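# Understanding the architecture of this molecule
Residue strings, one per chain:
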Amino acid sequence: MNIYSNNLAKNPFSGCKSTSIFLIKQSFLLLSHHCYLNEEKIIMSIQISNITKYYDSQKVLDHVSLQVNSGEIVGLLGPNGAGKSTLMKIITCFIPPTEGEVTVNGFSIAHDSLEIKKQVGYLPEHNPLYPDMYIKEYLEFVCDIHHLPKKNQKIKDIIALTGLAKEQHKKIAHLSKGYRQRVGLAQALLPSPKVLILDEPTSGLDPNQLDEIRNLILKIGEEKTIFLSTHIMQEVEAVCDRVAIINNGKLVADEQIQKLTQHQDKDTLIIVVEFEETVQKDWLSAIAGVESVQSLSENRWAIVSNKNQDVRKAITRLAYEKNLTILSLKEDTDSLEQIFRKLTKVPQK
């Protein structure tokens, strides 16, 4: 140790090589740790924090907080005028919030709007297309706006993905609404965004067109984070992992669909059972844990029990003992439409 110290005193650079290697290793470890933190950070694609928006004196959004995780398809439900489109415009940096913050893949709408526009593909509610342009001409125009390299290959790939191959030589004015929506999705996808914001993507489509666009959204959702707004329940149930419900500018629900539609009373369990034969109500009421029994129709019953005491096994045992045939046996849940009505119902004056 003394020899090393003496050598350093004589030649202060004699330990430089080993010291430099040590510092390089430390820097590499710090950089790796920083990159890991950044990877952790972008797991959450969209973070909405306390967003409030006024138009003059009208409050359109009221302290909305919500997050969309990477790889999720999240549906934003709400009645007309609830604030859905306004929230979409704020996320995509088209309008600023009055209060609050939004980050997309770690970038702030307040400071990094250009970077966010690179990260996000946006299909507005009113699909802004140029009807006099041909499909390929319009997509070339979009590529030029984004300064995209190898645009011919990108356009070819996007046309194949969005099912526009048969229509690609047509003018946009000659397309059905379903195909116009496909063109809108194509322009949103061309820059290869990590996040897609879709505002009412199936509005005004017929049932066949609805099904086609939903399947396309599901296919795109395998590789992208998607946040879509709608007021169509079936659309959310068909494509979304999670649903957020907004009403009068306030977030009133944010949950996975399966959990949201479970019976709202957390202390009770409702079982709906249908028998082939006639069943006496007293038989069902006598089951341990049953709190009430209600006849729904002939041989069909709703049985309410404590949540901690699942009575389905006991019902099956009763059927065996009484030689009854069970036609159906399931837990009762509220439909998404019922939940939506409860949460967005206008109070009677």
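Note that the structure is predicted; figures quoted are calculated from it, not measured. (Residues numbered from 1 in each chain as written. Predicted model: local features only at pLDDT ≥ 70, side-chain atom pairs only at ≥ 80, totals over all residues. Heavy atoms only, no water.)

Let's shift gears to the confidence of the model for the chain. Of all residues in the chain, 84% attain a pLDDT of 70 or more, and the chain-wide mean is 83. Note that pLDDT drops below 50 for residues 1-42; the model gives that stretch seven contacts with residues more than four away or on any other chain. (pLDDT = per-residue confidence, 0-100. Contact = heavy atoms within 4.5 Å.)

Let us look at the pairing of strand E7 (residues 195-199). Residues in a regular strand project their side chains so that they alternate between the two faces of the sheet. Burial within E7 is extensive, with five of its five residues counted as buried. Residues Val195, Ile197 and Asp199 point to one face of E7 and Leu196 and Leu198 to the other, with burial holding for every one of them. Bridge analysis of strand E6 (residues 120-123) against E7 gives four bridges, and the strand direction is parallel. Considered in E7, the bridge of Leu123 is made with Leu198. Read from E7 through helix H8 (residues 207-220) to strand E8 (residues 225-230), the crossover connection turns out right-handed. (Buried < 20%, exposed > 50% of the residue type's maximum accessible area, 1.4 Å probe, protein only. Helix = DSSP H or I, 4+ residues; strand = E, 2+ residues; numbered from the N terminus. Pairing = 2+ DSSP bridges. Right-handed = clockwise from strand over helix to strand, strands pointing away.)

What follows deals with the packing of aromatic side chains. As enumerated under the stated definition, the model contains three aromatic pairs in all. For the pair Phe94 and Tyr122, a centre-to-centre distance of 5.2 Å together with 50 degrees between the ring planes defines the contact as tilted. In this pair, Phe94 is assigned in the loop between helix H3 (84-91) and strand E4 (99-104) and Tyr122 in strand E6, connecting sequence segments 28 residues apart. Note on Phe94: relative accessible area 55%, which makes it exposed. In this structure Tyr122 comes out as buried when scored by relative accessible area, which is 12%. Seen from their ring centres, Tyr130 and Phe141 are 5.7 Å apart, and the 90 degrees between their planes marks the pair as edge-to-face. (Phe/Tyr/Trp six-rings, centres within 6.5 Å; stacked < 30°, edge-to-face > 60°.)

Residues apart from glycine generally show negative phi values, whereas peptide bonds are mostly found in trans. One non-glycine residue, Lys150, lies in positive phi territory at about 50 degrees. Structurally, Lys150 can be placed in the loop between helix H5 (135-145) and helix H6 (151-161). Even without glycine at this site, Asn323 takes up a positive phi of about 60 degrees. Among the structural elements, Asn323 can be located in the loop between helix H12 (312-321) and strand E14 (326-331). Overall, the relative accessible area of 65% leaves Asn323 in the exposed class.

All right, on to the sheet that holds strand E9 (residues 242-247) then. Strands in a sheet are paired, the pairing made by backbone hydrogen bonds, and the direction either parallel or antiparallel. If you trace the six strands from one edge of the open sheet to the other, you get E6-E7-E8-E3-E9-E10, paired in mixed fashion. Pairing within the sheet leaves two strands with one partner each, and these edge strands are E6 and strand E10 (250-256). Averaged over all adjacent pairs, the angle separating strand axes in this sheet is 15 degrees, with direction ignored. Strand direction decides the pairing type here: strand E3 (residues 73-77) and E8, joined by five bridges, are parallel. Counted as the bridge partner of Val74 is Phe227 from E8. (Axes fitted to C-alpha atoms, helices over the stretch in contact; angles between N-to-C directions.)

All right, on to H6 then. Every buried residue belonging to H6 is among Ile155, Ile158 and Ile159, and all of these are buried. The buried residues of H6 all sit within an arc of 100 degrees when viewed along its axis, so they share a single face. Across H6 from its buried face, at more than 90 degrees, point the exposed residues Lys156 and Ala160. The secondary structure elements touched by the buried residues of H6 are H5 and helix H7 (177-189). (Arc of directions from axis to C-beta.)

Turning our attention to the environment of Gly184. Position of Gly184 relative to the elements: it lies in helix H7. Residue classification places Gly184 among the buried positions, given a relative accessible area of 0%. As for Gly184 and Leu123, which are separated by 61 residues in sequence, their C-alpha atoms are 6.1 Å apart. The residues touching Gly184, leaving out its near neighbours within four places in the chain, are Leu123, Asn127 and Leu129.

With antiparallel pairing, the four strands of this open sheet are ordered in space as E12-E13-E11-E14. The open sheet terminates on both sides in strands that have one partner only, identified here as strand E12 (290-297) and E14. Across this sheet, the average inter-strand angle for adjacent strands is 20 degrees, counted without regard to direction. In terms of strand pairing, strand E11 (residues 268-275) meets E14 through five bridges, oriented antiparallel. Bridge pairing in E14 links Val273 to Leu329.

Pairing of E9 with E10, which is carried by six bridges, proceeds in the antiparallel orientation. Across the sheet, the residue bridging to Val243 is Glu255, located in E10. Counting the residues between successive antiparallel strands, the hairpin from E9 to E10 contains two residues, one of them, Asn248, with a positive phi of roughly 50 degrees.

Another point: the packing of H5 against H6. The interhelical angle for the contact between H5 and H6, taken along N-to-C directions, is 125 degrees, at an axis separation of 10 Å. Taken together, the axes of H5 and H6 are oblique relative to one another. Here the hand of the crossing between H5 and H6 comes out right-handed. For the pair H5 and H6, contact is made by Lys136, Leu139, Glu140, Cys143 and Asp144 and by Lys151, Ile155 and Ile159, respectively. Looking at the contact of H5 with H6 residue by residue, the classes come out as four nonpolar, no polar and four charged. (Parallel < 35°, antiparallel > 145°, perpendicular 65-115°, else oblique. Left-handed = near helix turned anticlockwise from the far one by under 90°. Nonpolar A, V, L, I, M, F, W, Y, C, P; charged D, E, K, R; others polar.)

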